[in-house]
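Now for the letters of each chain:
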Amino acid sequence: MGSVIVITSGKGGTGKTSLTGGIGAALALQGRQVLCIDADVGLRNLDITLGMTDAALMDFSDVMAGRCPLARAVAPHPSVSGLFLLTAPLTLPEDFSGEAGFRALLAEARERYDEILIDSPAGLGAGFRLATCAADRAIVVAVSDPSSLRDAQRVVSQLGRIETAHLVVNRVRPRLLRRQGVTIDDAMDTAGLPLLGLVPEDANVILAASSGQPVAQFTQRGAAQAYGNIARRLLGQTVPLMRIR
């Protein structure tokens, strides 16, 4: 039975979509069968992060409405074995079945994949409620500025029945942290979550997406290494935190 993990944030600009794609690719490269679902209706970008632009012809609303079976709607990654994408619609159709239909879709996905990663839209609206409605665990993504950490705290308060939630501090810039007088312990205390990982600010994330490939195939350092560490922790392995200089 597969595990459903929602990746969410209180505001945009935290690098949540890049993190979803990076962790998904890292899990697949460790031999897992991974389905990444873009739940950001109208603003989908997970295909770009994964290097799968225009690869997906059907979206999750087509599966929920019975227009296409899940097996046909998902798009396999062209070069990462075991990695699949199910994208979001540009707009919700009139026959959209809401949370009940999304739960049914995820129930089927659990039978086919080891991990299902859901890229939630930022904020606490209807898209957030859909993305979190059947998740087993949550990863809350924040950067180090006070407003992002406060927003992360608000997200935590809305996770409801999800008992397992962790914080990832993304786009870490040590010099900025020192100038802010902020520590990672401060970030954990503000968000009210245990830390799952740190990801450094890394231009390779953008360069990899521009070249049409996951960052794990572009480099093994920086953010790619951090994504791999987080993936291993999700699988229950003990991995030291990266030392980000």
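Refer to the structure printed above.
Residues numbered from 1 in each chain as written. Predicted model: local features only at pLDDT ≥ 70, side-chain atom pairs only at ≥ 80, totals over all residues. Heavy atoms only, no water.

**Notes on the overall build of the protein**
Condition: Secondary structure follows DSSP: runs of H or I at least 4 residues long count as helices, runs of E at least 2 residues long count as strands, and numbering of each begins at the N terminus. Only C-alpha atoms enter the radius of gyration, while the globule expectation follows 2.2 Å times N to the 0.38, with N the number of residues. In this scheme, a residue with accessible area under 20% of its type's maximum is buried, one over 50% is exposed, and one in between is partly exposed, where area comes from a 1.4 Å probe on protein chains only. Each accessible area is a Shrake-Rupley estimate made with a 1.4 Å probe; only the visible protein chains count as cover when residues are assessed. For the purpose of counting charges, residues Lys and Arg are taken to be positive, whereas Asp and Glu are taken to be negative. His and the chain ends are not included. For charged residues, the charge sits on one atom: NZ in Lys, CZ in Arg, CG in Asp, CD in Glu.
Each helix and strand counted, the protein has 12 helices and eight strands in total. Rg of the C-alpha trace for the protein: 17 Å, near the compact-globule value of 18 Å for 245 residues, within the 12% margin. Overall, the C-alpha framework of the protein stretches about 55 × 35 × 30 Å when taken along its three principal axes. Looking at the protein as a whole, 53% of its 245 residues qualify as buried. Split by element, the accessible area of the protein, about 11,000 Å² in all, is 48% carbon and sulfur. Averaged over its 24 positive side-chain charges, the protein has a centre that lies 8 Å from the centre of its 23 negative ones.

**Remarks on the environment of Gln-237**
Counted only if it meets this: When checking whether two residues touch, look at their non-hydrogen atoms; a contact exists if any pair is within 4.5 Å.
Mapped onto the elements, Gln-237 comes out in the segment after helix H12 (223–234). The spacing of Gln-237 and Phe-218 is 19 residues in sequence and 24 Å in space, taken between C-alpha atoms. In this structure, Gln-237 is in contact with Gln-30 and Arg-232, ignoring residues within four places of it in sequence.

**Comments concerning the packing of aromatic side chains**
Using the following cut-off: What counts as a ring pair is set by centres within 6.5 Å for rings of Phe, Tyr and Trp (its six-membered ring), and what kind of pair is set by the plane angle: stacked under 30 degrees, edge-to-face over 60, tilted for all other angles.
Under the counting rule described, the total for this entry stands at three aromatic pairs. Relative to Phe-96, the ring of Phe-60 has its centre 6.4 Å away and its plane inclined at 55°; by these criteria the two rings are tilted. Pair noted here: Phe-60 is in helix H3 (residues 60–64) and Phe-96 is in the loop between strand E4 (83–86) and helix H5 (98–112), with a separation of 36 residues, a long-range link. For Phe-60, a relative accessible area of 0% puts it in the buried group. Judged by relative accessible area, which is 22%, Phe-96 ranks as partly exposed. Here the aromatic cluster, defined as three or more aromatic residues joined through ring pairs, consists of Phe-60, Phe-96 and Phe-102.

**Thoughts on the sheet that holds strand E3 (residues 75–76)**
Sheet strands associate in pairs through backbone hydrogen bonding, adopting either a parallel or an antiparallel arrangement. Put simply, the rule reads: At least two DSSP bridges between two strands are required for those strands to pair. Under this scheme, a helix contributes an axis fitted over its contacting stretch, all axes are lines through C-alpha atoms, and angles between N-to-C directions fall in the 0 to 180 degree range.
Strand order in this open sheet of eight strands is E3-E4-E2-E5-E1-E6-E7-E8, and the pairing throughout is mixed. This sheet does not close on itself; its edge strands, each paired only once, are E3 and strand E8 (195–200). The pairing of strand E7 (residues 164–172) with E8 spans four bridges and is classified as parallel. Paired with Val-172 across the two strands is Pro-200, which belongs to E8. This element, helix H7 (residues 146–157), spans strand E1 (3–8) and strand E6 (137–142) of the sheet and lies at about 165° to E6.

**Here's the deal with the pattern of salt bridges**
To keep things clear, this is the line we draw: Whenever Lys or Arg places a side-chain nitrogen within 4 Å of a carboxyl oxygen from Asp or Glu, that contact is recorded as a salt bridge.
Evaluated as defined, the whole model comprises seven salt bridges. A salt bridge links Glu-108 to Arg-112; its shortest N-O distance comes to 3.4 Å. With Glu-108 and Arg-112 both in helix H5 and four residues apart, the pair spans about one turn of that helix. Residue Glu-108 is classed as partly exposed on the basis of its relative accessible area, which comes to 32%.

**A few points about the state of the cysteines**
Formally: Cysteine sulfur atoms are paired as a disulfide whenever they come within 2.5 Å of each other.
All chains considered together, the criterion is met by zero disulfides. Sulfur of Cys-36: no disulfide; nearest cysteine sulfur belongs to Cys-133 and is 18 Å away. When its relative accessible area of 0% is taken as the criterion, Cys-36 is described as buried.

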